Amino acid sequence: MLYPFTFKPILKKIIWGGSDICPFKGITPVQDGIGESWELSHVDDNFSVVDNGELEGKSLDELIKTYGKELVGEKVMNRFGTTFPLLIKFIDARDNLSIQVHPDDELAKKRHNSFGKTEMWYVVKAAEGATLYSGFSQQIDANEYVERVENNTIMDVLQCYEVKEGDVFFLPAGRVHAIGAGCFIAEIQQTSNITYRIYDYNRKDANGNGRELHTGLAKDAIDYTLYPDYRTAYEEQPNEKVELVKCQYFTTNLLDIDQPMSRDFSNLDSFVVYICMSGKATIKDNNGSEISVHQGQTVLIPANTQSVIITPEPGAKFMETYIDL
């Protein structure tokens, strides 16, 4: 019988990584320079491994091959095959990350035989004055984009946001974006590792070389549409499901709860992922399986689960994600 799964985090030591991921997740000893924690991953060579219950030690890949639609849902499997369709991460940026864009499914399939990458960010915390980039601040076209990359003025037309805890950004494939120094972010994205680097602040490595830019590839991947605001507006409502993002790749809700909450998935036909953003809680499914979770943990609820009851300690906050086809 399947049950709620937790997984061993895949910690990525990166040159721009900060020092917040280990303390946030309660990992000791604390490691510095951890830029990313891959919480739930089916990326090649980075398969998550179960760390609870009788299936401890099994990889996400093994679970999918063994349990298929019981784990991910029949509709999800029909659409995405044996690939788990989402990658869940925490990102801690001590330095500015490069400006980048991701291709959509059509372009990624044609060029890389891969899924595209639509994603979202939830700001877990931010240093004072921390910023990120999402979208354009004025209308440009593909030719002007190339000119601005070449003459180092591309930053002049990107929309910059000063951010705080709880800010949400939806980043459909094609949207130019970058995480700035001092941002600690939870990221939900399609399972894809394809990134086109647009600009890297003219940084050089120890040998005086800049990082490769993908100007031409990015040119055709960018959505040049100008929008009035690229930040996602929502109102927090304690003990209610608050929808943050709904798209064809994932639906994400915020649950800020201080009393038990029941969630009914009997008509969903999808796995459900809970990311604990703060506090502690127990999650009990309709079969009686129960798991205790704390800040920084991610839980995968199998698709054959009918319902769960989340019983929080005060101050518990979750992001809930599933695929609603």
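Residues numbered from 1 in each chain as written. Predicted model: local features only at pLDDT ≥ 70, side-chain atom pairs only at ≥ 80, totals over all residues. Heavy atoms only, no water.

(A) Broad picture of the overall build of the chain. Looking only at helices and strands, the chain features seven helices and 24 strands. In summary, the chain has a C-alpha radius of gyration of 20 Å against a globular reference of 20 Å for 325 residues, a match within 12%. Looking at the chain as a whole, 54% of its 325 residues qualify as buried. For the chain, contacts bridging at least 24 residues in sequence account for 75% of all contacts bridging at least 6. Summed over its atoms, the accessible surface of the chain is roughly 14200 Å², and 43% of this surface lies on carbon and sulfur atoms. Side chains of the chain give 31 positive and 48 negative charges; the mean places of these two sets differ by 3 Å. (Helix = DSSP H or I, 4+ residues; strand = E, 2+ residues; numbered from the N terminus. Rg over C-alpha atoms; globule rule 2.2 N^0.38 Å. Buried < 20%, exposed > 50% of the residue type's maximum accessible area, 1.4 Å probe, protein only. Contact = heavy atoms within 4.5 Å. Areas by Shrake-Rupley, 256 points an atom, 1.4 Å probe, with all protein chains shown as cover. Lys, Arg positive; Asp, Glu negative; His and termini not counted. Charge placed at Lys NZ, Arg CZ, Asp CG, Glu CD.)

(B) Spatial organisation of helix 2 (residues 60–67). Within the span of helix 2, buried status applies to L60, D61, L63 and I64. Buried residues of helix 2, seen end-on, are gathered within an arc of 160° and therefore sit on one face of the element. Opposite the packed face of helix 2, turned more than 90 degrees from it, sit the exposed residues K65 and T66. Just past helix 2, the residue G68 takes up positive phi, approximately 50°. (Arc of directions from axis to C-beta.)

(C) Just the sheet that holds strand 21 (residues 290–294), in detail. In spatial order, the strands read 18-23-20-21; together these four strands make up an open sheet with antiparallel pairing. Each end of this open sheet is capped by a strand with a single partner; those strands are strand 18 (261–264) and strand 21. Taking each pair of neighbouring strands and ignoring which way they run, the sheet shows an average axis angle of 20°. In this sheet, strand 23 (residues 307–312) lies alongside strand 18 in antiparallel orientation, the contact comprising four bridges. Residue pairing in the sheet places M261 in a bridge with I310 of strand 23. (Pairing = 2+ DSSP bridges. Axes fitted to C-alpha atoms, helices over the stretch in contact; angles between N-to-C directions.)

(D) Looking closely at the pattern of salt bridges. Using the criterion set out here, one finds 15 salt bridges in the structure. For E144, the salt bridge identified is with R148, shortest N-O distance 2.8 Å. Remark: R148 and E144 occur in helix 6 (residues 142–150); sequence separation between them is four residues, near one turn of the helix. Residue classification places E144 among the partly exposed residues on the basis of a relative accessible area of 22%. (Salt bridge = Lys/Arg side-chain N within 4 Å of Asp/Glu carboxyl O.)

(E) Here's a closer look at the sheet that holds strand 16 (residues 241–246). Pairing in this open sheet of six strands is antiparallel, and the strands run 1-22-19-24-17-16 from one edge to the other. In this open sheet, the two strands that pair with only one neighbour each are strand 1 (5–6) and strand 16. By the bridge criterion, five bridges tie strand 16 to strand 17 (residues 251–257) in an arrangement that is antiparallel. Following the sheet pairing, V245 is matched in strand 17 by T252.

(F) Structural view of the side chain of S59. Mapped onto the elements, S59 comes out in the loop between strand 5 (46–47) and helix 2. Setting aside anything within four residues of it in sequence, one finds S59 in contact with F47, S48 and V49.

(G) Up close: the nonpolar core. In terms of nonpolar packing, the biggest core is built from 44 residues, with F5, L71, F84, Y122, F271, L300 and M319 touching the most fellow members. Contacts of F5, omitting those with residues within four sequence positions, involve V50, N52, L55, L63, L71, T298, V299, L300 and P302. Residues V149, V176, Y196 and Y224 belong to the second largest nonpolar core, which totals 40 residues. (Core = buried A, V, L, I, M, F, W, Y, C linked by side-chain atoms within 4.5 Å.)

(H) Up close: unusual backbone geometry. Put simply, T28 and P29 share a cis peptide bond, and its omega is -5°. The residue P29 is located in the loop between helix 1 (21–25) and strand 3 (34–40) in this model. The backbone phi angle of N113 is positive, close to 50°, even though this residue is not glycine. Tracing the chain through its elements places N113 in the loop between helix 5 (105–112) and strand 8 (119–126). Within the chain, N202 stands out as a residue other than glycine whose phi angle is a positive 55°. For N202, the location among the structural elements is in the loop between strand 14 (196–199) and helix 7 (215–221).

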